[in-house]
Amino acid sequence: MSLQFSSLWSLEGDTLLYYMEPKYVLILDNSTGTLSIIELTDEELRESESYEDFESFLTTIENKYGFRLTYSSWMTTEKLDIYRYKDGKEVED
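Criteria and thresholds
Residues numbered from 1 in each chain as written. Predicted model: local features only at pLDDT ≥ 70, side-chain atom pairs only at ≥ 80, totals over all residues. Heavy atoms only, no water. Salt bridge = Lys/Arg side-chain N within 4 Å of Asp/Glu carboxyl O. Helix = DSSP H or I, 4+ residues; strand = E, 2+ residues; numbered from the N terminus. pLDDT = per-residue confidence, 0-100. Contact = heavy atoms within 4.5 Å. Patch = residues over 30% accessible without salt bridge, like charges linked within 9 Å, V, L, I, M, F, W, Y side chains within 5 Å. Areas by Shrake-Rupley, 256 points an atom, 1.4 Å probe, with all protein chains shown as cover. Core = buried A, V, L, I, M, F, W, Y, C linked by side-chain atoms within 4.5 Å. Buried < 20%, exposed > 50% of the residue type's maximum accessible area, 1.4 Å probe, protein only. Phe/Tyr/Trp six-rings, centres within 6.5 Å; stacked < 30°, edge-to-face > 60°.

Participant: In this structure, what is going on with the pattern of salt bridges? I would like to understand it.
Facilitator: Pairing is possible between side chains that carry opposite charge, provided their charged atoms lie close to one another. If you walk through the whole model with that rule in mind, you get 4 salt bridges. Between lysine 23 and glutamate 39 there is a salt bridge, and its shortest N-O distance comes to 4.0 Å. Here the residue lysine 23 occupies a position in the loop between strand S2 (15–18) and strand S3 (24–29), and glutamate 39 occupies one in strand S4 (residues 34–39), the gap between them amounting to 16 residues. Taking the shortest distance from any N to any O, the salt bridge between aspartate 42 and lysine 23 comes out at 4.0 Å. Pair noted here: aspartate 42 is in helix H1 (residues 42–48) and lysine 23 is in the loop between S2 and S3, with a separation of 19 residues, a long-range link.

Participant: Can you walk me through the confidence of the model for the protein in this structure?
Facilitator: In low-pLDDT segments, the atomic positions of the prediction should not be examined closely. Looking at the protein as a whole, the pLDDT averages 84, with 78% of positions reaching at least 70. Counting interchain partners and residues more than four positions distant, the pLDDT-below-50 stretch residues 1–9 has 10 contacts.

Participant: I would appreciate a short explanation of the side chain of serine 48 in the present structure.
Facilitator: With respect to the secondary-structure elements, serine 48 resides in helix H1. Not counting chain neighbours up to four residues away, the residues in contact with serine 48 comprise Phe54 and Phe57.

Participant: What is the right way to look at a nonpolar patch on the surface in this model?
Facilitator: Nonpolar side chains collect at one region of the surface, where Leu28, Leu35, Ile37 and Ile82 lie side by side and expose about 350 Å² of accessible area between them. Mapped onto the elements of the fold, leucine 28 is located in strand S3.

Participant: What is the right way to look at the nonpolar core in this model?
Facilitator: If you look at soluble globular proteins, the nonpolar side chains tend to sit buried side by side. Counting 11 residues, the largest nonpolar core is built from Val25, Ile27, Ile38, Leu40, Leu45, Phe54, Phe57, Leu58, Ile61, Phe67 and Leu69. Among the secondary structure elements, those contributing two or more residues to this core are S3 and helix H2 (54–60). Top contributing element to this core by residue count: H2, with 3 residues. Beyond its immediate chain neighbours, meaning those up to four positions away, leucine 45 contacts Glu21, Pro22, Lys23 and Leu40.

Participant: Before we go on, may I ask you to explain the packing of aromatic side chains in this structure?
Facilitator: Any pair of aromatic rings gets described here by the distance separating the centres and the angle formed by the planes. Using the criterion set out here, one finds 3 aromatic pairs in the structure. With a centroid separation of 5.7 Å and an interplanar angle of 40°, the aromatic rings of phenylalanine 54 and tryptophan 74 are classed as tilted. Of the two residues, phenylalanine 54 is situated in helix H2 and tryptophan 74 in strand S5 (residues 72–77); the sequence distance between them amounts to 20 residues. For phenylalanine 54, a relative accessible area of 17% translates into the label buried. The partly exposed category is assigned to tryptophan 74, whose relative accessible area is 29%. Among the aromatic residues, ring-to-ring pairing joins Tyr51, Phe54, Phe57 and Trp74 into one connected group.

Given below as structure tokens:
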């Protein structure tokens, strides 16, 4: 019996690795404090796979979404949960 993995898993030596699908991109503009949350389209996800690294792909969508990587920090996530707090308590949007 051979092991079979989805595209999100790989076997490296004796280690099973899980790769998160970058469905959402969170971009924090360090100069303005603006947080942009981008839900990538299926087409954008497919296109991102053709780049050597994800940051190279992000430079191609800067104008579309109005951000500049030069001034920003970014991260990706497969699932998005948002919590806001004020004075130590969670608040609604």
